[in-house]
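Structure assessment
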Amino acid sequence: MAKTDEDILTEAKERFKLCQEADAENRQNYEDDVRFARLGEQWPDDVKKQREQEGRPCLTINRMPSFLRQVINDARINTPSIKAHPVDSGDDKETAEVINGLVKNIEVSSNADVAYDTALECAVTGGFGYFRIDIDYAHDDSFDKDIMIERIVNPLTVYGDPASEACDASDWRYGFITEMIPKSEYERRWKKSEKVDWEAYSIDADWLSEESVRVAEYWSREEVSKTICLMSNGAVIDEDDYEKNRELFDLAEITCVKDRKTASYKVMHYVLSGCEVLEETEWSGRYIP
């Protein structure tokens, strides 16, 4: 049974509240660490106030930036990258090299180094950082789409599944990325939408101001059942894809040898305001990107 917009909004708000409650202390620690390491605010407020009242100096010799740069620069010298390796006799080095070439092109064309460095700097300074995967049209006059690795400047805009245990977030069931948008931009992008912001579940920020509106990207990973087919040429494809292209397979004399039911996942991507679903798409993958 398909979810209604009301179902999606109710589910999203309940999950968002869980994310905030579970991560509130960690996010507060992030802000404290950034103020301590980057801004040099290293005196406790009560001690600083007392010393100022007594006319005593509050000297701060901030040594943290040099230590942060040491870790960050070491990581930049050994830049992380994605690499494919053949893992069994059915794979070959040539295929792995082709995949590595495609991945390298994605990283170069989307300036992935910037995304990696930004996430690293946030993690070293405050404890955590993020980057994201996206898909967009290659050009404004093309129907071809490219995979992109994009940076997330402020990791506090990301809210992840509090039940996650995987270090790479591959087991997230849901997640959020929030953004404050000027009202003029909001009206331009969603002309027929009401400027009603998300009800105030927020702990660390106001969701609605006189000049801007907060919207949220909501990712939901749902378990689904599907049928896969083993083809006579050794390929394994979804039954739906086989049925859609049945004539082509018949012309090539490729048939389905056997099939079976299997559990898989689909990922839905929503853009939400406070009262409605602004956008809804199915993500081309089985993990929250």
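Here the structure is a predicted model, which is why all the values come from computation and not from measurement. (Residues numbered from 1 in each chain as written. Predicted model: local features only at pLDDT ≥ 70, side-chain atom pairs only at ≥ 80, totals over all residues. Heavy atoms only, no water.)

**A closer look at the overall build of the chain**
Assigned secondary structure in the chain consists of eight helices and eight strands. Its C-alpha radius of gyration of 24 Å places the chain more than 25% over the 19 Å reference for a compact globule of 289 residues. Considering only C-alpha atoms, the chain reaches an extent of 90 × 50 × 40 Å along its principal axes. For the chain, the proportion of its 289 residues judged to be buried stands at 31%. Counted over contacts in the chain with a minimum sequence separation of 6, partners at least 24 positions apart contribute 62%. Here the chain contributes 37 positively and 63 negatively charged side chains, and the mean placements of these two sets differ by 4 Å. (Helix = DSSP H or I, 4+ residues; strand = E, 2+ residues; numbered from the N terminus. Rg over C-alpha atoms; globule rule 2.2 N^0.38 Å. Buried < 20%, exposed > 50% of the residue type's maximum accessible area, 1.4 Å probe, protein only. Contact = heavy atoms within 4.5 Å. Lys, Arg positive; Asp, Glu negative; His and termini not counted. Charge placed at Lys NZ, Arg CZ, Asp CG, Glu CD.)

**A short note on a negative patch on the surface**
Together, D5, E6, D7 and E280 make up a region of like negative charge exposed at the surface. If you tally residues by element for the negative patch, the top one is helix α1 (residues 5–37), at three residues. On the secondary structure map, E6 appears in helix α1. Here E6 falls in the exposed class, since its relative accessible area comes to 61%. (Patch = residues over 30% accessible without salt bridge, like charges linked within 9 Å, V, L, I, M, F, W, Y side chains within 5 Å. Areas by Shrake-Rupley, 256 points an atom, 1.4 Å probe, with all protein chains shown as cover. Salt bridge = Lys/Arg side-chain N within 4 Å of Asp/Glu carboxyl O.)

**As for α1**
Residue pairs spaced three or four apart in an α-helix point in one direction, given the helix's 3.6 residues per turn. Of all the bends in α1, the greatest, near 55°, is centred on D23. Within α1 the residues assigned to the buried category are I8, L9, E11, A12, K13, R15, F16, C19, Q20, R27, Y30 and A37. (Bend = angle between axes of the 7 residues up to and from the residue.)

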